[in-house]
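# Structural overview
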Amino acid sequence: MYKRLKKIFDKNLKKIKDYFGIGLPNRDLDLNFSLPTPSKRGEKPNTDNRQLLRQFKELLATPSLLLTEIEEYLITLNRYDVILEDRLIVSNIGLRFFYPIMLNIFNKYRDDGGIPDGKNKVADIEQVEKILTLLIKSYKLIFQHDYNSSRFHYAKNRLRFNFCAMRLLELIYYRQRLLSLRYTLLETSSWLVAHQIYGIMSEYENVTKRYPVLSHHLFKDNNKKTRKVQRKSIEDYYMDIQLYAIIDQLSWHTKALPFIDDYLSCITPSIVPVRYIGGVIAPAEMVVYYGQKEPPHYDTQKKDDEISLAWTFNFTPLLVQLKLDRKALYHANAEKNEFLVPKFLRKILPEYRLPLIEGLETLVVMDSSNYTALGSEPYDNIRIYSGIAEIYDKLKDVFQPHSKNADSRKFRDAMAQHSSALSEDRDGSEESLWFKCDSHSSDTLCLKTIESQYTESYHIGSLVLIEDYSTTPSQLNIAKVTKINRIYKDKYVQFSVKYLGSDALPVTMRSANIKPEDDSKKKVLSGAIMLMTHNKVNSLLIPFSKSYWYNSEVIIFNNNHEIHTFFGDVVDMSQDFYQFSLKNKNIPLK
């Protein structure tokens, strides 16, 4: 009898303690989102959820008007001191109507990566980004109030507190991916919010508990089916945000980003934050601090005695898997056997497989150049040509300077000195010249220019020819666009190129397996470019083709010469081209 009574007493005592928050840890971590304080002055937003539902439903047939209505409502909501319970309800209603439109914007523009952006794309993404920011602000007001409240209030609203933490990280996750459609990064304030939310939740709550997500998945795969992910945890979303920055979304064509998200989601469950207490960071580890305003870094940036709350990520499992997948892809391509492709990679378009795996293997570390404009100076002595076909024609003109085609290119050559063939005003015309930014390595060049509707088109992986005519004869270098960065809220755009080689020569080629009697113009691949890499290795650039791979036997035609050779390893690639090394060591380039 005594034991039974004691059991009942203990059970009721626990309920009482839980109700009043007795026994909960002290919330000692500082949290200040620097939010303006809402007031009771000004226009009061409608908090009748039924009326609000009707108001938004009436505009479902006109998404553009619905977005404007949601934006104006959230602006009013965030200015007024609304009861927290009402704020949560109406914020959820706004999110419910906004979310499908946001997904449509993603799907509409995800294949449209590069520069310049059309006016409609800019307007649509800016409006969606603004609404995401307004929603984040509303949930932050609730989260901050609950965190700074008494134990009793905190215990009473603990479920709401966890819900807001989950939604905040989820909205930051979407905002990060939305900004990547325009090659723009999260600003420092968003990184601080993400780190603080995860730090607080890891200290005082369960960050591995899984909650319903806003939808099954952000993107659709190639079969137009949605990936069914019913629930995710706070830690899942936090790691999604970190990994997206670590793989450097500025270095990928927007078409590839959904594949990267899918790939990372399959591999990274074992990559979890671990409390950092100081000491040496392992080679595949990065560290994050609670008050950090940037993505993870390889170095600690602080002395051990200054460490408060910090955690590390170890990427060894990802690197191991990437190495295995790259080896399997090389084997599958050499054998021309789709069944040898790793199962998950089969649903990824062939032109993205190797660039994705080899790009992820590098795990580009974020640096200051990703956040601020680099120092720059006018680069008046260059012309830039984009695309393998344009470069091939330019090289033909170099080697045949008196051809009719060469004469017709004079105007286009003059325009290649500018990033914009035309400009909207005189000042813009002067600014449209290229600017050379601070370099970080010997084999890359960072450029900056104004962006207008007339700017020459470039995307990640674009092949470019850089002609430096400050010397006589002018120097020609072939390079690949490796990074685009629209400086946040600015009209300038930065992008980096990686040199692939010099001493370029336009050639044609065909497979050596074609019999001479079957040879025809259709069998010959024009637009190929032979060049010497910086490692003094003969290589050949060809447009993307499924017909050629490692060990392919080919015949290269240059003037009256025929060169029999075999393709070696892939030196570089994008969705536009492949660069193969050539096994012949003594191929003339003149």
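Quick caveat: nothing in here was measured; it's all calculated off a predicted structure. (Residues numbered from 1 in each chain as written. Predicted model: local features only at pLDDT ≥ 70, side-chain atom pairs only at ≥ 80, totals over all residues. Heavy atoms only, no water.)

Here we take up the pattern of salt bridges. Summed over all chains, the structure comprises 21 salt bridges. Linking Lys130 and Glu71 is a salt bridge whose minimum nitrogen-to-oxygen distance equals 3.1 Å. Linking Lys130 in helix α5 (residues 119-147) with Glu71 in helix α3 (residues 63-79), this pair joins segments that are 59 residues apart in sequence. Judged by its relative accessible area of 39%, Lys130 falls in the partly exposed class. (Salt bridge = Lys/Arg side-chain N within 4 Å of Asp/Glu carboxyl O. Helix = DSSP H or I, 4+ residues; strand = E, 2+ residues; numbered from the N terminus. Buried < 20%, exposed > 50% of the residue type's maximum accessible area, 1.4 Å probe, protein only.)

Here the focus is the nonpolar core. Core analysis: the biggest nonpolar cluster contains 128 residues, and Phe98, Phe143, Ile200, Met509, Leu540 and Ile542 have the highest contact counts within it. Tallying contributions element by element places helix α4 (residues 84-109) first for this core, with 14 residues. Not counting residues within four places of it along the chain, the set of residues in contact with Phe98 comprises Leu67, Ile70, Val128, Ile131, Leu132 and Leu135. With 21 residues, the next largest nonpolar core counts Ile115, Tyr183, Leu185 and Val493 among its residues. (Core = buried A, V, L, I, M, F, W, Y, C linked by side-chain atoms within 4.5 Å. Contact = heavy atoms within 4.5 Å.)

Turning our eyes to something else, we now look at the confidence of the model for the protein. Mean pLDDT over the protein works out to 80, with 79% of the residues at or above the 70 mark. When pLDDT is averaged over each element of the protein, α3 comes out on top at 96 and helix α16 (residues 426-431) at the bottom at 51. Within the model, pLDDT remains below 50 along residues 364-372, and this stretch shows 24 contacts once partners closer than five positions in the same chain are excluded. (pLDDT = per-residue confidence, 0-100.)

Let us look at helix α11 (residues 316-335). Over its 20 residues, α11 extends 29 Å from the first C-alpha to the last, a length consistent with the 28 Å expected when each residue adds 1.5 Å. Residues of α11 that are buried: Leu318, Leu322, Asp325, Leu329, Tyr330 and Ala332. Buried residues in α11, looked at end-on, bunch into an arc of 165 degrees, giving them a common side. Residues Lys323, Leu324 and Lys327 are exposed on α11 and point more than 90 degrees away from its buried face. Two residues or fewer past α11, Lys336 is found with a positive phi of approximately 50 degrees. (Expected span 1.5 Å × (residues − 1). Arc of directions from axis to C-beta.)

Now for the sheet that holds strand β5 (residues 310-314). Hydrogen bonds between backbone atoms are what pair the strands of a sheet, whose relative direction is either parallel or antiparallel. The strand order across the open sheet formed by 3 strands is β3-β5-β4, and the pairing between neighbours is antiparallel. The open sheet has two edge strands with one neighbour each: β3 (274-275) and β4 (285-289). Where β3 lies against β5, 2 bridges are found, and the strand directions are antiparallel. Across the sheet, the residue bridging to Arg275 is Trp311, located in β5. (Pairing = 2+ DSSP bridges.)

Here we take up the pairing of strand β7 (residues 382-386). Here β7 lies mainly inside the structure; 4 of its 5 residues are buried. Note that β7 and strand β10 (residues 463-468) share 5 bridges and pair antiparallel. Among the inter-strand pairings, Tyr385 is bridged to a residue of β10, identified as Leu465.

Take unusual backbone geometry next. A cis amide bond links Ile115 to the next residue, Pro116, at an omega of -5 degrees. By the secondary structure assignment, Pro116 is in the loop between α4 and α5. The phi dihedral of Ser34 is positive, around 55 degrees, even though this residue is not glycine. Along the chain, Ser34 turns up in the loop between α1 (2-20) and α2 (49-57). The backbone of Tyr183 sits at a positive phi, close to 50 degrees, despite the residue not being glycine. Considering the arrangement of structural elements, one finds Tyr183 in the loop between α7 (158-180) and α8 (188-204).

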